[in-house]
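Structure assessment
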Amino acid sequence: MSAKKIALLGATGSIGENTLAVLRNHPGRLQLCAVAGAKRWKELGAIAREFDVKEIAIYDEAAFQEALKEPEHFPAGANIRLGMQGLLDVATLPQIDMLVMAIVGTTGLQPTLAAIKAGKQIALASKEVLVLAGKFVMAAAREKDIKILPLDSEHNAIFQCLDREPKKHVDRLILTASGGQFRDYTLEQMQTILPEDALVNPNWDMGPKVTVDSSTMANKGLEVIEAHWLFDMPPERIDVVVHPQSIVHSMVQFVDGAVLAELSPPSMTFPIQHSLLYPERDDGVHKTVDFSKTLQLDFRAPDLKRFPALGLAYRALREGGVGGAIFNAANEVAVEAFLKRRIAYLDIPRVIEKTMDETENFEPESLEAVLGADAQARKNAASAVECFEKK
Ligand code: MG
């Protein structure tokens, strides 16, 4: 059996790091053949040297220029490419079997679509790809008969529960949520949350944007939108349940009432390894759940009064069109403004709601139209931030 050849875009981020842990564990089954990153070019070089990867892309121009000046950080004979064209090139190299897409933001859209069109398998971590372009990505994947393997723990869990089940057997998807670090705060306590409070997650080790999103449950909202596209489910058949221990990663309820769940400790190596090896399985990077010790699993309904961002994501999904793109853009702008201490924590969902109220929604006919809506929503969100800005 020859090793599956992987291109990893977003190699220096948190998903990239966990992907490398899986790759180190399965050198015979998985081979890293191309890597890309944005700014942290020295770390990218270290990864390229460790895995002897010669196909490299650096998205950021200044970082690319610096890297060219110090080629000793990269393996001899490395082919270093620049920018979006560089990402597109490494994602579609003829030798690549699978693209692992872990770039944060809208940058991942075009390389993902290009890789699908080139017939590559896709392991997808970038939320924006489906939230903005789910319609186009899923249509392209269907046309090429490619499965999109979700790296997000919730969607990966649902994928595993659904695998080989006919769609008519499925009643609903149940996404679990840690509820974030403020799940037990009162509304009053939430008024004084500061960026330094919001940047810590008790269960998961993630980047700053996702950590804040997890605390507001906007992250779960984005995941509801992703689940809609990945599994072709309407919003009324996607539920969210708060599960503070993050052991049950999500569930599927079938028409007969049976519920299947996937359980593992909160480490991204579990969903990443499942996707990379799919449809095979092999020893994991970490030990699994220990049932010899007492294990408590709690579940409760989310409180949309304290976490309105989740309700707004459902609204975006019900409104359809570019609703997901508007929600996502408004949230990004709001979180950035909160981290810069321009607005209060509870203003984050207010900025999202105001932006959704004020941005025109329509059915997009192209990726360019979605990106247009994204840009418009960012402008409107910036004005909304000014409205709520602390004087
Ligand atoms: Mg998740």
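Everything numeric here is computed off the predicted structure, so don't read it as measured data. (Residues numbered from 1 in each chain as written. Predicted model: local features only at pLDDT ≥ 70, side-chain atom pairs only at ≥ 80, totals over all residues. Heavy atoms only, no water.)

A word on the pattern of salt bridges
When the charged atoms of two side chains lie near each other, side chains of opposite charge can form a pair. Under the criterion given, the structure shown has 27 salt bridges. For Asp89, the salt bridge goes to Arg81, with nearest N and O atoms at 3.9 Å. Owing to a relative accessible area of 15%, Arg81 belongs among the buried residues under this scheme. For the salt bridge of Arg315 with Glu319, the shortest nitrogen-to-oxygen distance reads 2.8 Å. Taken together, the residues span about one helical turn, with Arg315 and Glu319 both in helix 13 (residues 308-319) at a distance of four residues. Classification of Glu319 as partly exposed rests on a relative accessible area of 42%. Each of Lys127, Asp152, Glu154, Lys220 and Glu223 takes part in salt bridges that share partners, so that together they form one network. (Salt bridge = Lys/Arg side-chain N within 4 Å of Asp/Glu carboxyl O. Buried < 20%, exposed > 50% of the residue type's maximum accessible area, 1.4 Å probe, protein only. Helix = DSSP H or I, 4+ residues; strand = E, 2+ residues; numbered from the N terminus.)

Focus: empty space enclosed by the protein
Within this structure, the stated rule accounts for one cavity of 30 Å³ or more. In this model, the largest cavity occupies a volume close to 40 Å³. Surrounding the largest cavity, Met190, Thr216, Arg306, Phe307, Pro308, Ala309, Tyr345, Leu346 and Pro349 form its lining. Looking at the lining of the largest cavity, its residues break down into seven nonpolar, one polar and one charged. Viewed by domain, the lining of the largest cavity spans two of them, domain 2 (153-318) and domain 3 (320-391), each represented by three or more residues. (1 Å grid on protein atoms, 1.4 Å probe; cavity = no way out; pocket = protein on both sides within 12 Å on 5 of 7 lines; lining within 4 Å. Points joined across faces, edges and corners; volume = space filled by probe spheres on them. Nonpolar A, V, L, I, M, F, W, Y, C, P; charged D, E, K, R; others polar. Domains from an automatic or database assignment.)

Describing the domain arrangement of the protein
Partitioning the protein into structural domains gives domain 1 (4-150), domain 2 (153-318) and domain 3 (320-391). Computed over C-alpha atoms only, the centres of domain 1 and domain 2 are separated by 25 Å. With 26 residues of domain 1 at the interface, the matching set in domain 2 holds 27 residues. Carbon and sulfur atoms make up 69% of the surface buried where domain 1 meets domain 2, a total of about 2400 Å² over both sides. (Contact = heavy atoms within 4.5 Å. Buried area = accessible area lost by both parts, 1.4 Å probe.)

A look at the coordination of the magnesium ion
Bound to the magnesium ion on the protein side are Asp152 (OD), Glu154 (OE) and Glu223 (OE), at distances that span 2.1 to 2.5 Å. Within one chain, the residues donating to the magnesium ion are spaced in sequence as D-x1-E-x68-E. Within this pair, whereas Glu154 is found in helix 7 (residues 153-162), its partner Glu223 is found in helix 11 (residues 218-231), the two being separated by 69 residues in sequence. Note on accessibility: Glu154 and Glu223 belong to one class, buried. (Donors = N, O, S within 2.8 Å, 3.2 Å for Na, K, Ca; no water.)

Structural notes on the sheet that holds strand 4 (residues 79-82)
Where strands meet in a sheet, backbone hydrogen bonds hold them as pairs that are either parallel or antiparallel. Spatial ordering of the open sheet is given by 4-3-2-1-5-6-7, a layout of seven strands whose pairing is parallel. Both edges of this open sheet fall to strand 4 and strand 7 (148-150), since each of them pairs with a single strand only. Strand-to-strand twist across the sheet, computed as the mean angle between neighbouring axes with direction ignored, equals 25 degrees. Bridge count between strand 1 (residues 4-9) and strand 5 (residues 98-101): four bridges; the pairing is parallel. Looking across to strand 5, one finds that Ala7 is bridged to Leu99. The sheet strands contacting helix 12 (residues 269-277) are strand 1, strand 2 (30-37), strand 5, strand 6 (121-124) and strand 7, and the helix crosses strand 1 at an angle near 135 degrees. (Pairing = 2+ DSSP bridges. Axes fitted to C-alpha atoms, helices over the stretch in contact; angles between N-to-C directions.)

Details of a nonpolar patch on the surface
Together, Leu263, Phe291 and Leu295 give the surface a local cluster of nonpolar side chains, amounting to about 270 Å² of exposed area. Looking at the secondary structure, you find Phe291 in the loop between helix 12 and helix 13. On the basis of relative accessibility, which here comes to 60%, the residue Phe291 falls in the exposed class. (Patch = residues over 30% accessible without salt bridge, like charges linked within 9 Å, V, L, I, M, F, W, Y side chains within 5 Å. Areas by Shrake-Rupley, 256 points an atom, 1.4 Å probe, with all protein chains shown as cover.)

Some thoughts on the pairing of strand 6
Taken together, the four bridges between strand 5 and strand 6 define a ladder with parallel strand orientation. For Met101, the partnering residue across the bridge sits in strand 6 and is Leu124. As judged from the three bridges shared by strand 6 and strand 7, these two strands associate in the parallel manner. What sits directly across from Ile122, in strand 7, is Ile148. Assessed by its sense of winding, the connection that carries the chain from strand 6 through helix 6 (residues 127-144) to strand 7 is right-handed. (Right-handed = clockwise from strand over helix to strand, strands pointing away.)

Focus on the packing of helix 10 (residues 208-216) against helix 14 (residues 323-339)
Their axes nearest at 11 Å, the elements helix 10 and helix 14 cross at an angle of 100 degrees. Here helix 10 is positioned roughly perpendicular relative to helix 14, judged by the angle of their axes. The segment helix 10 lies against helix 14, with Lys209, Val212 and Asp213 engaging Asn331, Glu332, Val335, Phe338 and Leu339. (Parallel < 35°, antiparallel > 145°, perpendicular 65-115°, else oblique.)

Focus: helix 10
Most of helix 10 sits out of view: seven of its nine residues are buried. Within helix 10 the residues assigned to the buried category are Lys209, Thr211, Val212, Asp213, Ser214, Ser215 and Thr216. In the core, the buried residues of helix 10 are packed alongside helix 9 (195-198), helix 11, helix 13, helix 14 and helix 15 (347-358). Among the residues trailing helix 10, Met217 stands out with phi positive, at a value near 70 degrees.

Some points on the layout of surface pockets
Approximately 680 Å³ is the volume attributed to the second largest pocket. Lining the second largest pocket are 23 residues, with Met138, Trp229, Leu230, Phe231 and Asp232 sitting closest to its centre. Contributions of two or more residues to the lining of the second largest pocket are made by helix 6, helix 7, strand 8 (170-177) and helix 11. The leading source of residues in the lining of the second largest pocket is helix 6, at five residues.

Concerning helix 11
The terminal C-alpha atoms of helix 11, which comprises 14 residues, lie 20 Å apart, in line with the 20 Å expected from a rise of 1.5 Å per residue. A large share of helix 11 lies buried, amounting to 13 of its 14 residues. Positive backbone phi, at 55 degrees, marks Asp232, one or two positions downstream of helix 11. (Expected span 1.5 Å × (residues − 1).)

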